[in-house]
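Each chain, letter by letter, is given below.
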Amino acid sequence: MARLRRNTRPETPDDDEDVEDTGASSGDSYEEPSASDSELIDSDDVSSENEELEPAGDGNVEFQIEGDFDRLIGNIRDSGTASGSSILSSIWDAPLQENADEEFLDDLRAASGIGRVGKGKGKGKGKEKARTRQGPVLSHQVRALIGEGHHAYVDGDIPEAIRIMQEVIRIEPRAVSAWSVLATCYRDMNEPAKALQLSIMGAHLRHDAEEWERLAAKSRDLGFNQQALYCYGKVVSLDPSNANALWERASLAKENGDLKMARLAYLGILKRYPHDISVLNEIRHILVELSDLDLCATIFRRAFDFYTTTFPTGRALAADGTEVTGGGFTPMEIFVLADLYNTLEEYEKAIFITRSGYRWLQGRADQRFWDACDDDREYDPEGYARDDSTVRLKQGFYPLDINARHRLAIARLKLGETNEGKLHAEIILAENASDYSPLFAEIADAYFERGMFAEARPIYEILGADASTSSMHILMQAGASRRNLGDLKEALEVYEHVVDADPSNTDAKMKLAEIYEIMNEPRKALELVYQVIDARKRRPEPEAAENSFQQPHGQANTWSLFEERKQPRSKPKTPKARNRISKKDLEELERQKEQEAQRGHQRLQQLWPAMLRHEREAETEWLLEAEKLVESFRETRDLFITSTAQRGRTTRAARGGDAEEDRMASRLHLVLEGSNALRKSKTDSSGGRPVDFRGISFDDWLVLIMEYAFLLTRLDQYDMAEEVLRHVLVSFVYQSRVSQDKLRLALITIGIHQQKPTIVMEHSRKLISAYQFNNEPFRILLASLASGLPSTDLFITSTFQKQLFREMKLTDAAVKGKNIQWMAGSRRYAPVSGGKDKDVDEDVEAGGGEDEEQMREDVMEKFAKPEKPTKDNPVTVTIYGQTCNAVKSYQSALYYLLFGYEYCRIDPVICLSLAVASIGRAMQRQADNRNYLITQALGFLTQYRSLRGSADDAPFVDEVEYNFGRAFHQLGLLTHAVHHYERVLQIVDRRQTSASASEDVGVAREAAYNLSLIYVMTGATGLAQALYKRWLSI
């Protein structure tokens, strides 16, 4: 777990800003391989691949990471930049200078701890860097500046705090707190990209693997994939056992299209967890795409040897007692290895793996005498008689999967052992072609390659006769088989059919021309040749790969450590020219879309009652109809403030394909023609913004979108539901306060359902910022956050604490009549000296045309100013005191909770929180007045009991008794604790006997668990067992 360094003064920003204790998971669990297992990946031809994966020594990791920091700072100084105001941009704009590619690779190896760094790299020498690694002693001037910066930040003067901390960095770049405060400032200014950059700079000096992992996750969330790879590399170098970081780095490299990096990353995982099946399956796709089949076959073969040796019976027992086939090495892995050997033309190995692998899975691994047979009599089908009398070994007639027999057929045919291959092929060809069309096609191709056209032709014809199994390859091969057999007329018919079906198929035209030439029809042949030549002339020249994969215009990423772009994976396709749609056609298309939308909305209303009853068919139909309407709404760019709202948007229905391309082309044509949909929409009485879209009011659209998101969440499609709601948030028609609140409450709702406390916290904080001096958003947050560590971690984050602190300061300033002013930009009150309130997230983005700008201004005018408070608010100070309690800063908690008690003395929550803080402080070593604090805690508990009710029929008496028992339990007064815990159990037991509340257990389970701890500690295990059986058993 990462350490949270907090100042004793809660209002002062932490040195390590926003380092959230998220409890980063170590990922999937693995068995630790033995040394002999690890050696399987280090030898022979794989050793060269893994040389780059050797982690740096423990003593060199921090040295290399700080070397990266020195390089960044050194680039700035070498470029002559000295002014603090430009240092931020200089950090990330500094080029890698000469030898950029080599330095990049060395830096990446050093950062990730993988590979060997070139000698002589870096600015400093060994002794000099070893000295700086100890950390500089800050001068009095630097310490004074840091203190001034902290005070400026606490006072809300963000620009001044930034200026001072930039000056600190200019003087002493290794001042960690300066980087942390700068990151916090930019985070409060709602500039997460800059804040992330600064956090990464500071992380170079802390060497905290969990912090690097969080920075990598944030980089990935912001779309900085190369930067995320860099951060994950740091995690691996600092914590080589972090399986989660290993997986994330590998999957991100694969997602980013960097297959070489993904290969190295997965090989690194495989080195630490040899023969892991999930790793093998992931790396297989990458190695096949990189055409590195030798390495793929090698690692699969070593895994095969490992599993056959470890589980000689072909079975393994899982933890729950169930049998696992092959210990995880299933027939699918055997098929993969056989296919690799067949592709590599190592057919004998493919035969051996298939035969011995299935023998092993059948529990006959000791029958190795079958390997001496040159044929496959071991797996002969029932009833088949061999006429070979020279071999004494009888036929085995053991069952063999059809896919395994297919591998044997391919290997035998390609070896030239046609009789044995035909035996297997005939068994496969007796199956249904539509069910095993890929197997049929591969057998036909094997016959074709061997020149056995008579055998290949009927297979191709069977496949070509069915539309579900036919393809251009099948038809072309069928024509070639007929031509090679001398049936030119039949071959001519096939090629003519292909050309008619695909006039752009130049290969078919050339084959057809050749047949025409053979048949002495030169004019037809020449015409086809001219068509092919003309098509090649019209074909555009392919652009260079590096130019084809540049970042799109307007998305240049100046806030990432690396150039963020995906690696080219294949040759880009040349877009087909499309005919321009006329204005009349566009109007007709829009009319059809409007009619379709109204029909779909009516159908949704008809299905609504059945959908509420959770009828499966109705739910499915309702979801499909709603999806069409929601996607048509989201596809209309004029409904959104700027075009950036459309960037990166995905849909459920179609992610690619001809149908989606046609829809996109139609949508873009509509945009170019002025989007007639909105022009024809009805407007409100003032002639302002439209009130409907395609005949459906915007209020009905909003209800539909939210219900659609709720149903998606209930069907475990939360990611899509969140994306839809976030996208609609930026629609200009939903920028009113009421609409924004509905959408944010909907996001909070699906976050609660999916147990996503980060979503709950994010949108609750938006509501808190929007409703200044209002306690309801705080109550929504507290009611929405569930119990557990993730929610607690979010509750104590420094960003939330700072927001609470600002709200307290502003409320206090307003009550005391201090000078605060209304900021029109953020629509909040802010201190006069602080300028614009930087803590508010701008939900309405800038940009767009004049009509959009006017519409935003009309919306913003409707946001009324909140009334200034006239009396002190106990809610914010109490919540802030509870956050201090949660981080065990009890002295600060007492300070703020006493303010809350002064503001409201009849609130039981404040009294209970003060009791917790008093007992917590009394338990700390620094406390010099323990007896007083304990007495104070019991006094507040007594006040809490009088306010909550202590009579036996009081609704919360079990809660009161439990809290008293918990207090005595912490103080070590076990007799008193047992008395109160037993009172809780008696009250709940009595309550359950009543018919009105039979299911209400209150806090009985918590009390029973704590009471059992006391019983076990005092030796009364029998009483503890009784508690387990009565209260703690499911």
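Residues numbered from 1 in each chain as written. Predicted model: local features only at pLDDT ≥ 70, side-chain atom pairs only at ≥ 80, totals over all residues. Heavy atoms only, no water.

The name an unreviewed UniProt entry gives the protein chain is TPR-like protein, with Rickenella mellea as the organism.

**A look at the pattern of salt bridges**
Note the cut-off: A pairing counts as a salt bridge when a side-chain nitrogen of Lys or Arg comes within 4 Å of a carboxyl oxygen of Asp or Glu. Strands are runs of DSSP state E lasting at least two residues, helices are runs of H or I lasting at least four, and both sets are numbered from the N terminus onward. Only protein chains enter the accessibility calculation, which uses a 1.4 Å probe; a residue whose area is less than 20% of its type maximum is buried, one above 50% is exposed, and one in between is partly exposed.
For the structure on display, the rule yields 46 salt bridges. A salt bridge links glutamate 807 to arginine 828, with the shortest nitrogen-to-oxygen separation between them at 2.8 Å. In this pair, glutamate 807 is assigned in helix 38 (residues 798–815) and arginine 828 in strand 6 (residues 828–831), connecting sequence segments 21 residues apart. Taken individually, glutamate 807 and arginine 828 each receive the classification buried, so the pair is uniform in this respect. Residue arginine 1030 is joined to aspartate 989 by a salt bridge in which the shortest nitrogen-to-oxygen separation is 3.0 Å. Within this pair, whereas arginine 1030 is found in helix 47 (residues 1021–1031), its partner aspartate 989 is found in helix 45 (residues 974–993), the two being separated by 41 residues in sequence.

**Points about the side chain of serine 481**
With respect to the helices and strands, the residue serine 481 is situated in helix 23 (residues 472–484). Given the relative accessible area of 0%, serine 481 is considered buried.

**A short note on the nonpolar core**
To keep it simple, the criterion reads: Buried residues of nine kinds, namely Ala, Val, Leu, Ile, Met, Phe, Trp, Tyr and Cys, make up a nonpolar core once their side-chain atoms join them within 4.5 Å. In this analysis, two residues are considered to be in contact whenever any of their non-hydrogen atoms come within 4.5 Å of each other.
Membership of the largest hydrophobic core comes to 66 residues, with the highest contact counts inside it found for Trp212, Tyr266, Ile269, Ile299 and Phe329. Residue contributions to this core peak at 10 residues, all from helix 16 (residues 293–310). Residues in contact with isoleucine 299, not counting those within four places in the same chain, are Leu270, Leu280, Ile283 and Leu287. In terms of nonpolar packing, the next biggest core, distinct from the first, is built from 60 residues, Ile748, Phe778, Leu914 and Val984 among them.

**Here's the deal with the environment of alanine 338**
Within the fold, alanine 338 resides in helix 17 (residues 331–343). When the C-alpha positions of alanine 338 and phenylalanine 300 are compared, they lie 9.9 Å apart, and in sequence the two are 38 residues distant. Discounting chain neighbours no more than four positions away, the residues touching alanine 338 are Ala350, Thr354 and Arg407.

**Comments concerning the packing of aromatic side chains**
Each pair of aromatic rings is reported with the distance of its centres and the angle of its planes. Let me state the cut-off plainly: Stacked, tilted and edge-to-face pairs are distinguished by plane angle, under 30 degrees for stacked and over 60 for edge-to-face with tilted covering the rest, among Phe, Tyr and Trp rings (Trp via its six-membered ring) whose centres lie within 6.5 Å. The rule for a charge over a ring is simple: NZ of Lys or CZ of Arg within 6 Å of the ring centre, and within 35 degrees of the ring normal.
Enumeration according to the criterion identifies 28 aromatic pairs in this entry. With a centroid separation of 5.8 Å and 75° between ring planes, the pair formed by tryptophan 247 and tyrosine 266 is classed as edge-to-face. Here the residue tryptophan 247 occupies a position in helix 13 (residues 243–255), and tyrosine 266 occupies one in helix 14 (residues 259–272), the gap between them amounting to 19 residues. Classification of tryptophan 247 as buried rests on a relative accessible area of 14%. Positioned above the aromatic ring of tyrosine 771, the side-chain terminus of arginine 737 is 4.7 Å from the ring centre.

**A short note on unusual backbone geometry**
Within the chain, histidine 207 stands out as a residue other than glycine whose phi angle is a positive 60°. By the secondary structure assignment, histidine 207 is in the loop between helix 10 (192–203) and helix 11 (209–221). Backbone geometry at aspartate 716 places phi at a positive 65°, although glycine is not the residue there.

**Re a nonpolar patch on the surface**
Just so we agree on the cut-off: Surface patches are drawn from residues lacking salt bridges whose relative accessible area is over 30%; two like charges belong together within 9 Å, two nonpolar side chains (Val, Leu, Ile, Met, Phe, Trp, Tyr) within 5 Å. Method for areas: the Shrake-Rupley scheme with a 1.4 Å probe, in which residue coverage is limited to the protein chains shown.
Taken together, the side chains of Leu526, Tyr530 and Ile533 define a hydrophobic patch exposed on the protein surface, amounting to about 300 Å² of accessible area. With respect to the secondary-structure elements, tyrosine 530 resides in helix 26 (residues 522–538). Under the relative-accessibility criterion, tyrosine 530 is labelled exposed at 51%.

**Some details on the state of the cysteines**
Put simply, the rule is: Only a pair of cysteine sulfur atoms within 2.5 Å qualifies as a disulfide here.
Within the structure shown, the criterion is met by 0 disulfides. Cysteine 911 carries a free sulfur, and the closest cysteine sulfur to it, the one in cysteine 904, is 8.6 Å from it. Classification of cysteine 911 by relative accessible area gives buried; the value is 0%.

**Quick word on the packing of helix 19 (residues 402–415) against helix 20 (residues 418–429)**
Here is the rule we go by: Axis angles are defined between N-to-C directions and span 0 to 180 degrees, where every axis is a line fitted to C-alpha atoms and, for a helix, only to the segment in contact. Note that the term roughly parallel is reserved for angles under 35 degrees, roughly antiparallel for angles over 145, roughly perpendicular for angles of 65 to 115, and oblique for everything else. Left-handed describes a crossing whose near helix is turned anticlockwise from the far helix through less than a right angle; right-handed describes the clockwise counterpart. Following the grouping adopted for this structure description, the nonpolar residues are Ala, Val, Leu, Ile, Met, Phe, Trp, Tyr, Cys and Pro, the charged ones are Asp, Glu, Lys and Arg, and the polar ones are all others, Gly among them.
In the contact formed by helix 19 and helix 20, the axes pass within 8 Å of each other and the chain directions differ by 150°. Relative to helix 20, the element helix 19 is oriented roughly antiparallel. As for the relative orientation of helix 19 and helix 20, their crossing is left-handed in sense. Residues Ile402, Arg405, His406, Leu408, Ala409, Arg412 and Leu413 of helix 19 lie in contact with helix 20, whose contacting residues are Thr418, Glu420, Gly421, Lys422, His424, Ala425, Ile427 and Ile428. Of the residues contributing to the contact of helix 19 with helix 20, the split by class is 7 nonpolar, 4 polar and 4 charged.

**Quick look at helix 19**
Stated precisely, the cut-off is as follows: To estimate the expected span of a helix, subtract one from its residue number and multiply by 1.5 Å.
Taking 1.5 Å of rise per residue, 14 residues should cover 20 Å, and helix 19 covers 20 Å from first to last C-alpha, within 8% of that figure. The buried fraction of helix 19 amounts to 11 of the 14 residues, a majority that puts the element mostly inside the structure. Within helix 19, the full set of buried residues consists of Ile402, Ala404, Arg405, His406, Arg407, Leu408, Ala409, Ile410, Ala411, Arg412 and Leu413. For helix 19, the secondary structure elements touched by its buried residues are helix 17, helix 18 (347–361), helix 20 and helix 21 (437–449). One or two residues past the end of helix 19 sits glycine 416, with phi positive at roughly 90°.

**Side note on the confidence of the model for the protein chain**
Parts of the prediction with low pLDDT should not have their coordinates interpreted in detail. Inclusion rule: You can read pLDDT as the predictor saying how much it trusts each residue, on a scale of 0 to 100.
A residue-level look at the protein chain finds 73% of positions with pLDDT of 70 or above and a mean pLDDT of 76. Counting interchain partners and residues more than four positions distant, the pLDDT-below-50 stretch residues 80–105 has 37 contacts. Scored below 50 in pLDDT, residues 834–862 shows 59 contacts in the model against residues more than four places distant or in partner chains.

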